[in-house]
Amino acid sequence: GAVVSQHPSWVICKSGTSVKIECRSLDFQATTMFWYRQFPKQSLMLMATSNEGSKATYEQGVEKDKFLINHASLTLSTLTVTSAHPEDSSFYICSARLTADTQYFGPGTRLTVL
Amino acid sequence: QKEVEQDPGPLSVPEGAIVSLNCTYSNSAFQYFMWYRQYSRKGPELLMYTYSSGNKEDGRFTAQVDKSSKYISLFIRDSQPSDSATYLCAMRNNQGGKLIFGQGTELSVKP
């Protein structure tokens with residue numbers, strides 16, 4: 001199956017700092033990638049849809065200036081959490097669309113903001 | 001009301017049992033239905049994918065969709081300890097549409 005990687009797998013940062021998370025499709029090109037957030041024992045909530053070469057589309061209630069998304073190539077999308085606060089602590093998961101029918105998920109990044 | 005409802009469990013069964021996992025939904029426009037398995041601290045892995053109503057079988061797994069009742073199920077036969085994970089249903093209304101996930105059911109299969 002298609003492989004999607006994320007880096008880092010976990011990160012701890014101080015409140016007020018920015019954190020960048022990378023999502024890579026390793027063996028296929030993805031014009032569309034998705035960023036999700038998952039709180040403990042809760043479902044995946046879509047944050048934004050990232051399209052290569054264009055601006056990301058954010059879901060209602062997600063601050064685009066806080067969660068910066070860049071999809072600079074067909075295999076890489078990045079999510080930067082700016083001025084992180086403890087309430088941003090969560091499990092962030094990306095996925096990459098292989099076909100219109102299928103998307104493959106990365107292993108997730110656990111962010112802890114102190 | 002959430003678009004997709006799923007009993008969070010936890011569900012604990014003995015090894016070899018038949019497991020039934022279910023989701024209900026409210027949006028009649030949903031056409032594509034998926035089941036994902038997620039191990040602790042890992043990303044979801046696609047298990048089953050079904051379009052519209054009907055059954056689909058893959059090894060020990062069977063997915064059922066009843067659009068008239070807005071109800072989908074995943075059955076796991078001869079459950080194994082390695083099946084212990086959280087199972088998420090997901091659905092969307094068209095090929096490029098946004099995936100809507102259920103809350104996930106935590107399953108534990110005891111040896």
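Here is a short report on the structure shown in this document. Per-chain numbering applies: the sequence of each chain, read as written, is numbered from 1 onward. Here every chain gets a letter starting at A, and every ligand a number starting at 1, in the order they are written. Residue-level local features of this predicted model are given only where pLDDT is at least 70; pairs of side-chain atoms are given and counted only at 80 or more, and the full residue set underlies all totals for whole chains, interfaces and linings. The side-chain numbers reported here are obtained from all heavy atoms of the structure, hydrogens and water having been left aside.

**A short note on the overall build of chain A**
And then number 1: Scanning chain A from N- to C-terminus turns up zero helices and eleven strands.
And then number 2: The secondary structure listing takes helices from DSSP runs of H or I that are at least 4 residues long and strands from runs of E that are at least 2 residues long, numbered from the N terminus. Ordered by position from N to C terminus, the α and β elements of chain A give β-β-β-β-β-β-β-β-β-β-β.
And then number 3: Computation of the radius of gyration draws on C-alpha atoms, with the globule rule given as 2.2 Å multiplied by the number of residues to the power 0.38. Relative to its length of 114 residues, chain A is compact, with a C-alpha radius of gyration of 13 Å against a globular reference of 13 Å.
And then number 4: With the C-alpha coordinates aligned to their principal axes, the bounding extent of chain A is approximately 40 × 25 × 20 Å.
And then number 5: For chain A, the exposed surface amounts to about 5600 Å²; the carbon and sulfur share of it is 54%.
And then number 6: Here the positive residues are Lys and Arg and the negative ones are Asp and Glu; neither His nor the chain ends is included. All charge positions are set by atom: Lys at NZ, Arg at CZ, Asp at CG, Glu at CD. Computed over 10 positive and 9 negative side-chain charges, the separation of the two mean positions in chain A equals 5 Å. Using the Shrake-Rupley algorithm and a 1.4 Å probe, accessible areas are obtained, with residue cover drawn only from the displayed protein chains.

**Details of the interface of chain B and chain A**
And then number 1: Each side of the interface is counted separately: chain B has 19 residues, and chain A has 19 residues.
And then number 2: What gets called buried area is simply the loss in accessible area from a 1.4 Å probe that two parts show on being joined, summed for both. Of all residues in chain B, Arg41(B), Lys98(B) and Phe101(B) give up the largest surface area on contact with chain A, accounting jointly for 28% of the area buried on that side.
And then number 3: By definition here, a salt bridge exists when the distance from a side-chain nitrogen of Lys or Arg to a carboxyl oxygen of Asp or Glu is within 4 Å. Where chain B touches chain A, the interface holds one salt bridge.
And then number 4: Between Glu59(A) and Lys98(B) there is a salt bridge, with the nearest N and O atoms lying 2.6 Å from each other.
And then number 5: The set of elements that each furnish at least two residues to the side of chain B that touches chain A consists of strand E4 (32-38) and strand E9 (85-92) of chain B.
And then number 6: Here the element with the most residues in the side of chain B that touches chain A is E4(B); it accounts for three residues. The contact rule is simple, with two residues in contact once any of their heavy atoms fall within 4.5 Å.

**Some words on the pattern of salt bridges**
All names here are of chain B.
And then number 1: Scanning the model with the defined rule gives six salt bridges over all chains in all.
And then number 2: Residue Glu57 pairs with Arg77 through a salt bridge whose shortest N-O separation is 3.4 Å. In this pair, Glu57 sits in strand E6 (residues 54-58) while Arg77 sits in the loop between strand E8 (71-76) and E9, placing the two residues 20 residues apart along the sequence.
And then number 3: Two residues, Arg60 and Asp83, come together in a salt bridge whose shortest N-O distance is 2.8 Å. One end of the pair, Arg60, is in the loop between E6 and strand E7 (61-66); the other, Asp83, is in the loop between E8 and E9, and 23 residues separate them in sequence.
And then number 4: For every residue, the accessible area obtained with a 1.4 Å probe (protein chains only) is divided by the maximum for its type, and the residue is called buried under 20%, exposed over 50%, and partly exposed between those limits. Assessed through its relative accessible area of 1%, Asp83 is described here as buried.

**As for the side chain of Gln6(A)**
All names here are of chain A.
And then number 1: Its place among the elements puts Gln6 in strand E1 (residues 4-7).
And then number 2: Distance and chemistry together define a polar contact, namely a pair of N or O atoms within 3.5 Å, with one atom able to donate a hydrogen and the other to accept it when in protein, and with adjacent residues in sequence counting only for side-chain atoms on both sides. A polar contact is formed between the side chain of Gln6 and the side chain of Thr109, at a distance of 3.1 Å.
And then number 3: Here Gln6 is in contact with Ile21, Glu22, Cys23, Trp35, Tyr92, Ile93, Cys94, Gly106, Pro107, Gly108 and Thr109, once residues within four sequence places are set aside.

**Quick word on the sheet that holds strand E3 (residues 19-25) of chain A**
Residues and elements named next belong to chain A.
And then number 1: Across the sheet, four strands lie side by side as E1-E3-E8-E7; this open sheet has antiparallel pairing. Strands at the two margins of the open sheet, each flanked by one partner only, are E1 and strand E7 (67-73). For this sheet, the mean inter-axis angle between neighbouring strands, taken without regard to orientation, is 15°.
And then number 2: When DSSP locates at least two bridges between a pair of strands, those strands are taken to pair. With four bridges joining them, E1 and E3 adopt antiparallel strand pairing. Of the residues in E3, the one forming a bridge with Gln6 is Cys23. Axis definition: a line fitted to C-alpha atoms, limited for helices to the stretch in contact. Angles are taken between N-to-C directions and run from 0 to 180 degrees.

**Digging into the pairing of E6(B)**
Residues and elements named next belong to chain B.
And then number 1: Both E6 and E7 contribute to a ladder of five bridges, which runs antiparallel. Note that in E7 the partner of Asn55 across the bridge is Gln64.
And then number 2: Where E6 hands over to E7, the hairpin turn is made up of two residues, of which Gly59 adopts a positive phi near 65°.

Treat this as a map of the structure, not an account of what it does.
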